[in-house]
Amino acid sequence: MSAHPQLDSQGRLQHLLTIDGLPASIITQILDTAQHFKETGADSKKLPLLAGKSVFNLFFEPSTRTRTTFEIAAKRLSADVINLNVAASSQSKGETLLDTVDNLSAMSADMFVVRHAESGAAHMIARHVAAGIHVVNAGDGRHAHPTQALLDMFTIRHFKGSFQNLRVAIIGDVLHSRVARSQIHALTTLKVPEVRVIAPKTLIPKDVENMGVHVYHDMQKGLKDVDVVMALRLQNERMNGALLPSREEFFKYYGLTPEKLAVARSDAIVMHPGPMNRGVEIDSAVADGPQSVILSQVTFGIFVRMAVMAILAENT
Amino acid sequence: MSAHPQLDSQGRLQHLLTIDGLPASIITQILDTAQHFKETGADSKKLPLLAGKSVFNLFFEPSTRTRTTFEIAAKRLSADVINLNVAASSQSKGETLLDTVDNLSAMSADMFVVRHAESGAAHMIARHVAAGIHVVNAGDGRHAHPTQALLDMFTIRHFKGSFQNLRVAIIGDVLHSRVARSQIHALTTLKVPEVRVIAPKTLIPKDVENMGVHVYHDMQKGLKDVDVVMALRLQNERMNGALLPSREEFFKYYGLTPEKLAVARSDAIVMHPGPMNRGVEIDSAVADGPQSVILSQVTFGIFVRMAVMAILAENT
Amino acid sequence: MSAHPQLDSQGRLQHLLTIDGLPASIITQILDTAQHFKETGADSKKLPLLAGKSVFNLFFEPSTRTRTTFEIAAKRLSADVINLNVAASSQSKGETLLDTVDNLSAMSADMFVVRHAESGAAHMIARHVAAGIHVVNAGDGRHAHPTQALLDMFTIRHFKGSFQNLRVAIIGDVLHSRVARSQIHALTTLKVPEVRVIAPKTLIPKDVENMGVHVYHDMQKGLKDVDVVMALRLQNERMNGALLPSREEFFKYYGLTPEKLAVARSDAIVMHPGPMNRGVEIDSAVADGPQSVILSQVTFGIFVRMAVMAILAENT
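Predicted model, so just to flag it, every value in this text is computed and none were measured. (Residues numbered from 1 in each chain as written. Chains lettered and ligands numbered in written order. Predicted model: local features only at pLDDT ≥ 70, side-chain atom pairs only at ≥ 80, totals over all residues.)

1. Observations concerning the pairing of strand β5 (residues 167–171) of chain A
Residue and element names in this part refer to chain A. Note the following rule: Once C-beta atoms are placed from the backbone, each residue is buried if 20 or more other C-beta atoms lie within 10 Å of its own, exposed if 12 or fewer, and partly exposed for counts between those two. Each helix is a run of DSSP H or I of at least 4 residues and each strand a run of E of at least 2, with the numbering of both proceeding from the N terminus. A pair of strands counts as paired when DSSP detects no fewer than two bridges linking them. Orient the strands so they point away from the viewer; a crossover is then right-handed if the path from the first strand over the helix to the second runs clockwise.
With five of five residues buried, β5 is to be regarded as a mostly interior element. Residues R167, A169 and I171 of β5 are buried on one face, and the alternating residues V168 and I170, pointing to the opposite face, are buried as well. Here five bridges tie β5 to strand β6 (residues 194–198), and the two strands are oriented parallel to one another. Each residue of the ladder has a partner; that of A169, found in β6, is R196. Between the parallel pair β5 and β6, the chain is carried across by helix α6 (residues 178–189), and the sense of this crossover is right-handed. Pairing of β5 with strand β8 (residues 228–231), which is carried by four bridges, proceeds in the parallel orientation. Its bridge partner being in β8, I170 is matched across the sheet by M230.

2. Examining the relation of the copies chain B and chain C
Convention followed: To superpose the copies, least squares is applied to the C-alpha atoms of every residue with a pLDDT of at least 70 in both.
Overlay of chain B on chain C (RMSD 0.0 Å): rotation 120°, translation along the axis 0.1 Å. Here the two chains are linked by the operation of a three-fold rotation axis.

3. Some points on the interface of chain B and chain C
Formally: With C-beta atoms placed from the backbone, a contact is any residue pair whose C-beta atoms sit within 7 Å. Each residue gets one label: Ala, Val, Leu, Ile, Met, Phe, Trp, Tyr, Cys and Pro are nonpolar, Asp, Glu, Lys and Arg are charged, and the others, such as Gly, are polar.
Contact residues are listed per partner, giving 20 residues for chain B and 18 residues for chain C. Of all the elements in the fold, those that place two or more residues in the side of chain B that touches chain C are α2 (64–76) and α11 (294–314) of chain B. Residue contributions to the side of chain B that touches chain C peak at seven residues, all from α2 of chain B. When its residues are assigned to classes, the side of chain B that touches chain C shows seven nonpolar, eight polar and five charged.

4. What about helix α3 (residues 97–106) of chain A?
Because the α-helix completes a turn every 3.6 residues, residues three or four places apart line up on one side. Where burial is concerned, most of α3 of chain A is hidden: eight out of the 10 residues are buried. Regarding α3 of chain A, the residues found buried are D99, T100, V101, D102, N103, L104, S105 and A106 of chain A. Buried residues along α3 of chain A sit in contact with β1 (54–59) and α4 (121–128) of chain A together with α2 (64–76) and α11 (294–314) of chain C. Downstream of α3 of chain A by one or two residues, S108 of chain A has phi in the positive range, about 70°.

5. Some words on the domain arrangement of chain A
Residues and elements named next belong to chain A. To keep it simple, the criterion reads: For every domain, the bounds stem from an assignment made automatically or drawn from a database.
Splitting chain A by domain gives domain 1 (24–144 + 299–314) and domain 2 (146–295). In this structure, domain 1 and domain 2 have C-alpha centres spaced 26 Å apart. Each partner contributes residues to the interface: domain 1 has 21 residues there, and domain 2 has 19 residues. Mapped onto the side of domain 1 that touches domain 2, the elements with two or more residues apiece are α1 (24–41), β4 (134–140) and α11 (294–314). Looking at the side of domain 1 that touches domain 2, the element that brings in the most residues is α11, giving six residues. Here the side of domain 1 that touches domain 2 is composed, by residue class, of 11 nonpolar, six polar and four charged.

6. Topic: helix α4 (residues 121–128) of chain C
For α4 of chain C, every residue scored as buried is listed here: A121, A122, H123, I125 and A126 of chain C. Buried-residue contacts for α4 of chain C involve α3 (97–106), β3 (111–116) and β4 (134–140) of chain C.

7. A word on the interface of chain C and chain A
Taken together, the contact pairs 20 residues of chain C with 19 residues of chain A. Here the element with the most residues in the side of chain C that touches chain A is α2 of chain C; it accounts for seven residues. Grouping the constituent residues of the side of chain C that touches chain A by class yields seven nonpolar, eight polar and five charged.

Structure (structure tokens):
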């Protein structure tokens, strides 16, 4: 095995597990391939690149949105898609995760798209599967959500042209967010000059400055002159205990309103990974406003997931 | 937007939301297209009319039957079909209906098939989506179920040749039935000379005579000399409080038995939208008897749904 | 109808319901067809044999594994696959099993793959459907699981060359196992000279010796010199009351460990239908050991299910 768990000995992508340590050249390859699909997609949606391949959506956590985007992306590439909500069946019969994966692999799976509440689940599966089977991490615990970060990078490049000279701010529940961790790794790998995180102290991981970001606790200062504003979903369901006084108080101090956004650059774009809690981390006036590119993120997400799958299939 | 919420400025169908106000010419176009699919279907089930299109089955209420017929119809037209049981995921994360629709639209949805417990949900979505995205109402609250009414009209035309000179009786829980409302609109639009509803007073809407129907509370009188008998499902799950004494008593007075059916014309056909409550609104001797065309309705339903989708895709 | 419920008057397979009474020639036809798919599968996974056909996975019991193998097999043959978890919808609306089947048949179903907790459910459906519609039993109560037995036979033939001169032992909960019943019928039909069952007295059906097997209660004696060891899943969920002292005690006496396996022939293969209860009926050292062919069973299961479906479609 290569030194890097996602790459083979020639440095080609074999699994997409995390942005942490992924070379900038691979990220750029994914974005360029997605751009190609975007440009050609309007004429002919269906491409034969995964014809005859079986893609298993292995979701141990429910997610309409992410599961659907992978399903659409795989079908556009002509793959057979099998959706497995694993909580409902084998797990309840006491089969272990790796036995489930072994069995699905024996059914000639070509690719697993995995979402799991435990950090590291996709890595464990990737280490376990035979050569030629690819694993895409669709979110594992608080750890990583690499395709979300990649589609965010695609969105930034689309609207800002490049990653040079940008100031980017990530706002909200960084502590519990696999999205934020993946975004930070992507932004720093792509050499974005200034990456900021803005949140109350209780929602900032202790070591976050080691990741190359600047920490702000005040929206006025943190949003000053930024080019890109990335709101995070407030992960209510992940909170253990009372890290926050209330949703109302969070909105008052950290909710993205037109007033707070006004200190950013006038051409700043606003992003959100969805689903949004309107009136909590973002005001509807911003979510639906002229600077919002939130729905473009969703559209681009299809192209980015197509690109990841096409590159993995090419590297078999 | 056109004056009619379902039609564009040239009068072409853009959404199928309700039969109320739908021109007879459009209904006839749908029935004729379905007839074409029926006649050619035996030779080659799969047609390329929706190849590369994405159809989203957006079901906020569970329905094996209706969801499956739309899924089959879309697959016969070579569409990619994505089934979304929305109750299970995004809604529980607090995303609004229109945010869900926006997100799915951003994934390049071409068509939404929507079932929702709230009357008007499909209309709301149709008003909201971008041009070129089509909405089919697969049942909204007590309001409308237009594809059911269209397949019923197809069935009547198939067995009776035309809509002229017909007496049609609709029996049962008209008050809670979106099927009945859509059937009445279809029958009157197609100029069926006599449309009757038969039910106890508690299950008849107050304004029903304004819809052009004759009200009967007695089966003997209501079924006298009719050509078409349309039983309704007793919507147990929709009843609030005790509008009915008991299922047994309902069957005694309004259950369709061979004895009650005997006063209809001897060549009268019997229809039911399914699923049937045998021994409540219909006796098995009638449901499985020689006058029943209930399973033909199901078969025709595939062709009618194919026709609706094909026409909508053509009108993009 | 033919004397045999699965065959037509020319002796061709119309349904696959049970191995009991299935001629050896049909079993061999299925295994040979699966072998053909196995040999050609590597080059081109997708075959057009069921193009335009609709296969309904009608699962009244949940089963990720079996449902998925049928879904993959059908998609490899280019069928349209409709998954129906029937517990969730129509049944709760009070529709009967046969009404559900009638309705799905009316939607132009070509094949039903049925799993049901009641023994005989697939037979009942097969008797009911119109000519040209095929039924595959994917497990009914304690009665039969024919495709599992067929893939087991494929596996034995693959690794042992033929069924001549073999000693085969089936270990565990024979009483509650539809898999064991189907395996015994297959092995005796194929003239395997010696078939043994090994289990505590409480887990052996009273009439099992009439099926042509030898009963052992001791692993040391029962495994002596066998060529094939078939472990059964301990069907916890099917046990009513306390037939067993404990899982630990079962493992002590009947769990398949390397020590117990040592008395079998040194080239004996070890099989399990999955999902495994590691540390109950099988030790991980055996499950993952050099004699295990458990994952090959899964792979071969795809080819065997493709073969069954292809033969049924051919016999329309």
